[in-house]
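What the coordinates show
One-letter residues, chain by chain:
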Number of protein chains: 2
Amino acid sequence: MRTVAIVAPGAMGSAIAARLTENGVRVLTSLEGRGEQTRERARAAGMSDAADSDLARADLLLSIVPPADAMGVAHRFAGPLAAAGEDRAIYVDCNAINVETKREVAGVIAAGGTTFLDGAIIGLPPKPGAPGPRFYIAGDDPGPAVQLRAFGLDMRPCEGGIGAAAGLKMSFAGLNKGLTALAATMVLAAARAGSLEALRAELAETEPALLARFERGLPDMVPKAYRWAPEMREIAGFVGDDEAGRSIFEGAERLYARLARDEGADDVAALRAFAAGARRGDV
Amino acid sequence: MRTVAIVAPGAMGSAIAARLTENGVRVLTSLEGRGEQTRERARAAGMSDAADSDLARADLLLSIVPPADAMGVAHRFAGPLAAAGEDRAIYVDCNAINVETKREVAGVIAAGGTTFLDGAIIGLPPKPGAPGPRFYIAGDDPGPAVQLRAFGLDMRPCEGGIGAAAGLKMSFAGLNKGLTALAATMVLAAARAGSLEALRAELAETEPALLARFERGLPDMVPKAYRWAPEMREIAGFVGDDEAGRSIFEGAERLYARLARDEGADDVAALRAFAAGARRGDV
């Protein structure tokens, strides 16, 4: 494993690149049309700017972009990958997209003869001194991607074929972020009913682990709510024909969308106060 | 405190009565029109059959019935309570009904001059050797109900006035049973995506407490799903104007309703298999 291409140098992509370049891997990315801040982040991570035709000739091409961009990246690289012939990269879609979308991306890539792997990233970007995220790789032969384990990434094969890693990511994120949505909903309703301090006391006595999770998770969620709303929509798509499940995640989407807007400011203040352990009278 | 009336001798009501009669309290109930099984349960708990006019003259009258019956019980006893004059019982609605409904029940009772308390029961019915449920009592003066503490019940005053105990019950139940609905939704979606074993492994590594909760909670839920569906509807009403929250709990209601019907049999089997730690191939 010598050369890895990473699209794009966002917070996650560049942190992964930094871990790889520290371990002697050459990391290519595309900076065409990108702003100075992105260029600087890519430089700091040791990434090299390259043409799409070069990215398509790396050993692995990792797509790490916002979920809405996953399909666009596949279409952009399908041609260069096909043109690279024998030299073409293995394409790993690492994005938080639902299983159906993941299989559509696989179809676009595989149509040109390129090997496709389904990747999922669970956890925060790599940081010095902290355990990195876990990469799950599904597909006929996850081996070539799992080899990045030798270069500092926590790569794991995931059984179940294309879609299994995406399904893991969706279900795990749905549990975590769905639970935070549930907690926010019940904390806000309890506050309206005058029951907030009673709820806190009951949780402290019988569900201390959940309370601790909410005290940490509710304020952590606030600045990410704008991003979690579309993620909840992906998960609503993931549950597909399960109308009950779709209603749950459409509700979570609306909640996060509301908390991200100005009209959610009072709710945000109430959640922060609950998380800070404020007494009822202060909320 | 000598005489407590309990409407009705269901699983919770009779278990509470048994705890009280063991501790020397006289417990009245109404067996008019009830079947032999209910009569036997009431007898075993030491409850005495009495007319509504007698129940209305107890020291406390506890309404412990299915949520849909709470208002009917209030209408049924409003007259006898008013007629009892100075001797009338304090009325404690202990039912899992949303805050708005609770306040309507309070209005029906208080209209006749009877003192109303808002009660909530959290936990399983009292059993010998196990900690009983927690009773939260809200209202201007919870004292008379909290005195039952001396007779073996875990009574606690709840600040916040009428509606605060109901709000506590709704929000706590919404968290617990909403979390089980979320887990069921994601386990079933992961199973469809071929990601079930990967989800189990990820939870075992990073969320062992949640996994243990799901392994216990999913099979425990199955026989109660028929009852949890209408409870989720109460909670959807409790979140009221919060459309996002309503969508979450309407989804949970539909999920439990589905799992309670024949068409949910395959899903139930998948949840049981996950909870039993079955390998992916067995599910």
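Here the structure is a predicted model, which means the values were calculated and not measured.

1. Concerning helix α8 (residues 196-206) of chain B
Listed as buried for α8(B) are B:Leu196, B:Glu197, B:Ala198, B:Leu199, B:Arg200, B:Glu202 and B:Leu203. Among the structural elements, β6 (116-122), β7 (134-138) and α7 (164-193) of chain A together with α7 (164-193), α9 (208-221) and α12 (265-275) of chain B are those in contact with the buried residues of α8(B).

2. Notes on the side chain of B:Asp93
Along the chain, B:Asp93 falls in strand β5 (residues 90-93). Accessibility expressed as a relative area gives 0% for B:Asp93, which makes it buried.

3. Things to note about the sheet that holds strand β1 (residues 3-7) of chain A
Residue and element names in this part refer to chain A. If you trace the eight strands from one edge of the open sheet to the other, you get β3-β2-β1-β4-β5-β6-β7-β8, paired in mixed fashion. Each having just a single partner strand, β3 (48-49) and β8 (154-157) make up the two edges of the open sheet. Taken together, the four bridges between β1 and strand β4 (residues 60-63) define a ladder with parallel strand orientation. Residue Ile 6 lies in a different strand from β4, and its bridge partner there is Leu 62. Relative to strand β5 (residues 90-93), helix α4 (residues 70-83) is tilted by about 180°, and along the sheet it contacts β1, β4 and β5.

4. Observations regarding the nonpolar core
Judged by nonpolar contacts, the single largest core of 110 residues is most densely connected at A:Met221, A:Tyr256, B:Met221 and B:Tyr256. Ignoring sequence-local partners within four residues, the contact set of B:Tyr256 consists of B:Lys177, B:Thr180, B:Ala181, B:Met221, B:Ala225, B:Trp228, B:Ala229 and B:Met232.

5. A short note on the interface of chain B and chain A
Contacts between chain B and chain A engage 59 residues on the former and 59 residues on the latter. Here chain B is connected to chain A by ten salt bridges. Here B:Glu207 ties to A:Arg213 by a salt bridge, and the two come within 3.0 Å at their closest N and O atoms. Applying the counting criterion to the chain B and chain A interface returns 21 residue pairs in polar contact (both at pLDDT 80 or more). For the side of chain B that touches chain A, the secondary structure elements donating two or more residues are α5 (99-110), β7 (134-138), α7, α8, α9, α10 (225-239) and α11 (243-260) of chain B.

6. Points about the pairing of β7(B)
All names here are of chain B. Among the five residues of β7, five are classified as buried, and the element is accordingly described as predominantly covered. Along β7, one buried face is formed by Arg 134, Tyr 136 and Ala 138 and the opposite face, lined by Phe 135 and Ile 137, is buried too. Sheet analysis places strand β6 (residues 116-122) next to β7, joined by five bridges and oriented antiparallel. Counted as the bridge partner of Gly 119 is Ile 137 from β7. When β7 meets strand β8 (residues 154-157), the two strands line up parallel, connected through four bridges. Each bridged residue has a counterpart across the sheet, and for Tyr 136 the counterpart in β8 is Arg 156.

7. Notes on the UniProt feature "domain: 6-phosphogluconate dehydrogenase NADP-binding" (unreviewed entry) in chain A
Per the UniProt entry, the sites bearing "domain: 6-phosphogluconate dehydrogenase NADP-binding" (unreviewed entry) are residues 4-123 of chain A in this numbering. In residues 4-123 of chain A, helix accounts for 42% and strand for 21%; the two terminal C-alpha atoms are 21 Å from one another.

8. Some details on the packing of aromatic side chains
Here a ring pair, both rings aromatic, is described through the centre-centre distance and the interplanar angle of the planes. One pass over the structure, following the stated rule, counts four aromatic pairs over all chains. Ring geometry for A:Trp228 versus A:Tyr256: centroids 5.4 Å apart, planes at 85°, classification edge-to-face. Of this pair, A:Trp228 sits in helix α10 (residues 225-239) while A:Tyr256 sits in helix α11 (residues 243-260), and the two are 28 residues apart along the sequence. Both rings, one in B:Tyr91 and one in B:Phe116, keep their centres 6.1 Å apart while their planes meet at 20°; by these two values the pair is stacked. Residue B:Tyr91 is found in strand β5, and its partner B:Phe116 is found in strand β6; the two are separated by 25 residues along the sequence.

9. Quick look at the relation of the copies chain B and chain A
Here the second copy of the chain follows from the first by a rotation about an axis and a shift along it. Each copy superposes on the other: chain B lies on chain A with an RMSD of 0.0 Å after a rotation of 180° and an axial shift of 0.0 Å. Such a turn and shift between the copies fits a two-fold axis. When C-alpha distances to the rotation axis are compared across chain B, the minimum falls at B:Ile248, with a value of 1.9 Å.

10. Let's talk about helix α5 (residues 99-110) of chain A
In a regular helix each residue adds 1.5 Å, so twelve residues correspond to 16 Å; α5(A) covers 16 Å between its end C-alpha atoms and thus fits that length. When α5(A) is considered as a whole, its buried residues turn out to be A:Val99, A:Lys102, A:Val105, A:Ala106, A:Val108 and A:Ile109. Packed against the buried residues of α5(A) are α4, β5, β6, α7 and α10 of chain A together with α7 of chain B. Among the residues of α5(A), the N-terminal cap falls to A:Asn98, whose side-chain oxygen and the backbone nitrogen of A:Glu100 are separated by 2.8 Å.

11. Concerning the packing of α7(B) against α11(B)
All names here are of chain B. Relative to each other, α7 and α11 sit at 65°, their axes nearing to 10 Å. With respect to each other, α7 and α11 are oriented roughly perpendicular. Between α7 and α11 lies a crossing whose hand is left-handed. Touching Gly 174, Lys 177, Gly 178, Thr 180, Ala 181, Ala 184, Thr 185 and Leu 188 of α7 are Phe 249, Ala 252, Leu 255, Tyr 256 and Arg 258, all from α11.

12. Here we look at the pattern of salt bridges
Inspection of the entire model under this criterion finds 36 salt bridges over all chains. Residues A:Glu231 and A:Lys177 are paired through a salt bridge, measuring 2.8 Å at the closest nitrogen-oxygen approach. Here the residue A:Glu231 occupies a position in helix α10, and A:Lys177 occupies one in helix α7, the gap between them amounting to 54 residues. The buried category is assigned to A:Glu231, whose relative accessible area is 9%. Here B:Arg156 and B:Asp154 are joined by a salt bridge, their closest N and O atoms 3.0 Å apart. Take B:Arg156: its relative accessible area is 17%, and that puts it in the buried class.

13. Remarks on the domain arrangement of chain A
All names here are of chain A. Under the domain assignment used here, chain A contains domain 1 (3-162) and domain 2 (167-282). One C-alpha centre belongs to domain 1, the other to domain 2, and the line joining them spans 31 Å. With ten residues of domain 1 at the interface, the matching set in domain 2 holds eight residues. Of the roughly 850 Å² buried at the junction of domain 1 and domain 2 (both faces included), carbon and sulfur atoms supply 72%. Counting the surface domain 1 buries against domain 2, the share from its top three residues, Ala 96, Asn 98 and Ile 122, is 50%.

14. A word on the side chain of A:Thr29
Residues and elements named next belong to chain A. When you line up the elements, Thr 29 lands in strand β2 (residues 26-29). A relative accessible area of 0% places Thr 29 in the buried class. Here Ile 6 takes part through its backbone oxygen, which lies 2.7 Å from a polar atom of the side chain of Thr 29. Beyond its immediate chain neighbours, meaning those up to four positions away, Thr 29 contacts Ile 6, Ala 8, Pro 9, Ala 42, Met 47, Ser 48, Asp 49, Ala 50 and Leu 55.

Calculation criteria
- Residues numbered from 1 in each chain as written.
- Chains lettered and ligands numbered in written order.
- Predicted model: local features only at pLDDT ≥ 70, side-chain atom pairs only at ≥ 80, totals over all residues.
- Heavy atoms only, no water.
- Buried < 20%, exposed > 50% of the residue type's maximum accessible area, 1.4 Å probe, protein only.
- Helix = DSSP H or I, 4+ residues; strand = E, 2+ residues; numbered from the N terminus.
- Contact = heavy atoms within 4.5 Å.
- Pairing = 2+ DSSP bridges.
- Axes fitted to C-alpha atoms, helices over the stretch in contact; angles between N-to-C directions.
- Core = buried A, V, L, I, M, F, W, Y, C linked by side-chain atoms within 4.5 Å.
- Salt bridge = Lys/Arg side-chain N within 4 Å of Asp/Glu carboxyl O.
- Polar contact = N/O pair within 3.5 Å; in protein donor to acceptor, adjacent residues only side chain to side chain.
- UniProt positions renumbered as here; feature names shortened; annotations may be inferred.
- Phe/Tyr/Trp six-rings, centres within 6.5 Å; stacked < 30°, edge-to-face > 60°.
- Least-squares fit on C-alpha atoms with pLDDT ≥ 70 in both.
- Expected span 1.5 Å × (residues − 1).
- Parallel < 35°, antiparallel > 145°, perpendicular 65-115°, else oblique.
- Left-handed = near helix turned anticlockwise from the far one by under 90°.
- Domains from an automatic or database assignment.
- Buried area = accessible area lost by both parts, 1.4 Å probe.

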